[in-house]
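# What the coordinates show
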Amino acid sequence: MIFKHFKQVLLPVDVRIHRNALGHLPKLVRRYELKKVMLVTGPKTYEIAGRKVEKLLSGSNCKSCRHSVFIVKTASRGSAKKIEQEMQGDLGDYDAVIGVGGGKVLDVAKVVAYHSNALLISIPTNAAHDGIASPLASFKERGMPISIKAASPIAILADLEIIRKSPVRLLRSGYGDLISNMVEVKDWLLGVEKADEDYDEIVAGISTMPAMLLLRSAEDLDFRNTDYLRLLVRGLILGGLAISIYGTSRPVSGSAHKFSHALDYLGYGRGTHGEQVGIGTILMEYLHQHYYGEGDWELLRYSLEKVLAPTTARELGLTRRQMLEALVYAKRIRPSRYTILEDQNPTKKEFEICLEKTGVCR
Ligand SMILES: [Zn+2]
């Protein structure tokens, strides 16, 4: 039995990233023979795309498919539980959960799909982070980020017409989360060298290649351009798949994420996930370059500036003291995950220099 040595991975079968990707939904209903589906969406995202999804489900192509709609007002583990309780004995009757919304609503849909053993169809209305396709759901509980196991989508319909109209701040955040992969994989490699961790070159490639492609065009980056927008969305979906394939968030989450989580833990998390991670990326890339001569923090910062994402503490409404505190605290987040922070254990003075040199705190 050689198969026991291989990894079984749940990968989506239908991934569409283009204009009117939503139009593909009736085909999915037929392909997966869906008879009863649950639509999980938010109040705003129902207006943006949920209503259209309902229409498609009630159209002539989906005649035999019944659906229920759940509007999630605040996304949390509790709201997933509430849906499950409302369904009571019916939960197992659903063939699919269709999540229509931003990352938070999709996280609730993922959890409900996981618990009801139904297929998950993901219809993102924005591209703010790589949670679109990952098998993990992230919530904040008492201000602290938590991550729980959830369903992997069987299909992702990323309709660029819808995502293009999402708040531009969210797209910039998505870019911050995507380019963090450049530094997070450097952290991973340190873990391989110094802490005897496992490594997968294919997964590392899936994680970093989309970011590399966008960085190569840093001069022209503009997410109003459909080609760049598609690259961004594709990159974020691939980031989620890297998590699915590897089995943990290691390929997309290291020191830049520890910094962002530290801000959250300290109560300074005023930016979006991607905004905080984007600034963390500049800082951690600087450290990699400082200690090992590898990386290009200036290019990363330039590209963030190019898409008008924040690159300074002031833009996040934070002071130098708060940033410094978060940098010192970051090592306490998930200490078993080896990164440049554990590797070099920089002093407060070194962090001060890092903040100064990168221009994050001028
Ligand atoms: Zn992230």
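Here is a short report on the structure shown in this document. Within every chain, residues take consecutive numbers counted from 1 along the sequence as written. Local features in this predicted model are restricted to residues whose pLDDT is 70 or higher, and side-chain atom pairs enter the listing and the counts only when it is 80 or higher, whereas totals over whole chains, interfaces and linings include all residues.

Moving on to the pairing of strand β4 (residues 96-101). Within β4, six of the six residues are buried, which leaves the element mostly enclosed by the surrounding structure. Here exposure depends only on C-beta density: within 10 Å of a residue's C-beta, 20 or more other C-beta atoms make it buried, 12 or fewer make it exposed, and intermediate numbers make it partly exposed, the C-beta atoms being placed from the backbone. We count a stretch as a helix when DSSP gives it H or I for four or more residues in a row; a strand needs E for two or more, and each element gets its number in order from the N terminus. The alternating pattern of β4 places A96, I98 and V100 on one face and V97, G99 and G101 on the opposite face, and all of these are buried. In this description, strands pair whenever DSSP reports at least two bridges between them. Pairing analysis gives six bridges linking β4 to strand β5 (residues 119-124), with the strands arranged parallel. Bridge pairing in β5 places A96 opposite L119. With the strands aimed away from the viewer, a crossover counts as right-handed if its path from the first strand over the helix to the second runs clockwise. This β-α-β element, β4 to helix α4 (residues 103-116) to β5, shows right-handed connectivity.

Core membership is restricted to buried Ala, Val, Leu, Ile, Met, Phe, Trp, Tyr and Cys residues, and these are joined into a nonpolar core through C-beta atoms within 7 Å. Grouped together as the largest cluster of nonpolar side chains are 115 residues, with contacts concentrated most on V40, V97 and L232. The biggest single contributor to this core is helix α8 (residues 226-246), with 11 residues. All domain edges in this entry derive from an automatic or database-based domain assignment. Counting only domains with at least three residues in this core, you end up with domain 1 (2-164) and domain 2 (168-357). Once C-beta atoms have been placed from the backbone, residue pairs whose C-beta atoms lie within 7 Å are recorded as contacts. For V40, the residues in contact, after removing those within four places along its chain, are F70, V72, I83, V97, G99, V105, V108, A109 and V112.

Turning our attention to the pairing of strand β2 (residues 36-41). β2 sits mainly inside the fold: five of its six residues count as buried. Here β2 runs beside strand β3 (residues 66-71); their pairing, made up of six bridges, is parallel. Residue pairing across strands places M38 opposite S68, the latter belonging to β3.

Right, let's talk about unusual backbone geometry for a bit. Despite not being glycine, E33 shows a phi value in the positive range, around 50 degrees. Its location among the elements puts E33 in the loop between α1 (25-31) and β2. On the basis of neighbour counts, which here come to 9 C-beta atoms within 10 Å, the residue E33 falls in the exposed class.

This part takes up the environment of V277. For V277, the location among the structural elements is in helix α10 (residues 273-292). Between the C-alpha atom of V277 and that of Q8, which follows or precedes it by 269 residues, the distance is 30 Å. Those residues in contact with V277 that lie beyond four places of it in its chain are G176, D177, S180, A256, H257 and S260.

The next subject is the environment of R16. On the secondary structure map, R16 appears in strand β1 (residues 14-18). Classification of R16 by C-beta neighbours within 10 Å gives partly exposed; the count is 19. Spatially, the C-alpha atom of R16 lies 19 Å from that of A109, the residues being 93 residues apart in sequence. In this structure R16 touches A21, H24, L157 and A158, once residues within four positions along its chain are discounted.

Attention now goes to helix α3 (residues 77-87). Every buried residue belonging to α3 is among S79, A80 and I83, and all of these are buried. Viewed end-on, α3 has its buried residues packed into an arc of 105 degrees, placing them on one side of the element. Looking at α3, the residues exposed on the side facing more than 90 degrees away from the buried face are G78 and Q85. Considering only its buried residues, α3 is in contact with β2, β3 and α4. The positive-phi residue at the C-terminal boundary of α3 is Q88, with phi of around 40 degrees. Directions pointing from the helix axis toward each C-beta atom define the arc.

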